[in-house]
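Fold and contact review
Here are the chains, one letter per residue:
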Amino acid sequence: MGQFRNYLEKDVLTASRERISYLFDNFERICVSFSGGKDSTIMLHLTMDEAVKRNRTVGVLFLDWECQFTDTIKHVNEIFTFYENNIEPYWLCIPIKTWNGCSQFEPEWTCWDKTKKELWVRQPDNISITDPSIFPFYKQSMTFEDFMPEFAKWYSQGKMTASLIGLRCGESLSRWLNICAKNEYKEHYKNQQSILKSTDNNFTAYPIYDWTTEDDWIYYARSGKPYNRLYNKMYQAGMTISQMRIDEPFGSTQRVSLWLYHILEPELWAKMISRVAGVNAAGLYCRERGDILGNHKIKLPPNHTWKSFALMLINTMPERTAEHYKNKIAVYLKFWEKELNIMDIPDFQENDTGSKDTKPSWRRICKSLLRNDYWCIKLGFSPTKTSAYTHYLELMKKRREKWKLI
């Protein structure tokens, strides 16, 4: 991505402070999405520097995923206390449905599920919000993708609002495309690269989008500001600074770090095994290479093509999960049929499973299936909102009958 960068005559810290100052000048309400990770913590520190200077109050949203390291919860408490005079806290311990890349039988799970209260891995914090009814837009089985835009609209109160996200483009091509790539469907606020329109008066801002991992740790070393001490333990466990991530733990990408719970918090890990389907198996094999979880290179079984292997994998899945994948793959095949003017995609192509490649193939489909990539992110899809999913299933049933695919 380096060849697409336009370098400024200033460092990233100065540029980010200017972007945040601009947000305070132009938006009545500001809310920071805070995960407790290194990026969102830096973004919150920079935002609060400006808020304190202007004597402004900022909303801080922390969506607690229940299965989180103790150090992360300590850090969130520390930050909320550190800035208590200038924040409007939203520490949410409410039922939110999200992706579970550890199981085909339960490809989604719900944190803080009240029907499984006896299995919760920990109890909500004293200052957290546990009653979702305070949000008039909340619906049962709401996903993260459903919740976030609705929360932004609710928080805005009809005023110009900026939601700040600590996302860095250097982490993935998709992040770079989301912020930096030109797109006729994207609307920027007054031509500001890092501010994108969401809905009506709501905009999403990425003040630290051009930072690197090294920039993060230089900031902490020089500023002395609080950071999540879990990173110290990750480093001691042998992780590099680029491998250290704090996220919801059970996605097909995030599960690779499940082994850390064995080492750092075995008691918490024991509770997680009972709480979420497939976690024990994923913990055992999350760092294995090959077909078992689709990590790195995968191998074709004897007497199979990649297409026949994909169909075999689908036929071994629970019916509901299999139908979900059939819908996604049918759309994928139809897209490439129109794009390439061919009746079927290749069985495999060179470098067709790379994360930065979009080459279509049945091998790429197999890798997505083996990874339990429920929303088929690696095939170019985004999660479908719960509110639209029932309609989507009905529509796809008709389309597949017409297309005669899968």
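A short tour of the structure in this document, coming up. (Residues numbered from 1 in each chain as written. Predicted model: local features only at pLDDT ≥ 70, side-chain atom pairs only at ≥ 80, totals over all residues. Heavy atoms only, no water.)

Note that Y220 resides in helix α6 (residues 213-223). The class for Y220 is buried, based on a relative accessible area of 5%. Along the sequence, Y220 and I42 sit 178 residues apart, while their C-alpha atoms lie 8.1 Å from each other. Setting aside residues no more than four positions away along its own chain, Y220 makes contact with G37, K38, T41, I42, H45, K225, P226 and Y227. (Helix = DSSP H or I, 4+ residues; strand = E, 2+ residues; numbered from the N terminus. Buried < 20%, exposed > 50% of the residue type's maximum accessible area, 1.4 Å probe, protein only. Contact = heavy atoms within 4.5 Å.)

This next bit is on the pairing of strand β2 (residues 58-63). The buried count for β2 comes to 6 of 6 residues, which makes it a mostly enclosed element. On β2, burial covers both faces: V58, V60 and F62 on one face and G59, L61 and L63 on the other are all buried. Note: strand β1 (residues 29-33) against β2, 3 bridges, orientation parallel. Considered in β2, the bridge of S33 is made with L61. On the question of chirality, the crossover connecting β1 to the parallel β2 by way of helix α2 (residues 38-54) is right-handed. (Pairing = 2+ DSSP bridges. Right-handed = clockwise from strand over helix to strand, strands pointing away.)

Take the side chain of D146 next. By secondary structure assignment, the location of D146 is in helix α4 (residues 144-156). Among the polar contacts listed, one links the side chain of D146 to the side chain of T143, at a separation of 2.9 Å. (Polar contact = N/O pair within 3.5 Å; in protein donor to acceptor, adjacent residues only side chain to side chain.)

Here we come to the packing of aromatic side chains. Given two aromatic rings, one states the distance between the centres and the angle between the planes to describe the pair. Taken as a whole and assessed by the stated rule, the structure comprises 35 aromatic pairs. Summarising the aromatic geometry, the rings of Y220 and Y227 are spaced 5.4 Å apart at their centres and angled 45° between planes, so their arrangement reads as tilted. Ring geometry for F335 against W336: centres 5.1 Å apart, planes inclined by 85°, an arrangement best described as edge-to-face. The exposure class of W336 is buried, given its relative accessible area of 13%. Here a set of aromatic residues connected by ring pairs shows up, and it is made of Y90, F135, F137, F147, F151, W154 and Y155. (Phe/Tyr/Trp six-rings, centres within 6.5 Å; stacked < 30°, edge-to-face > 60°.)

Nothing here speaks to function; it is geometry throughout.
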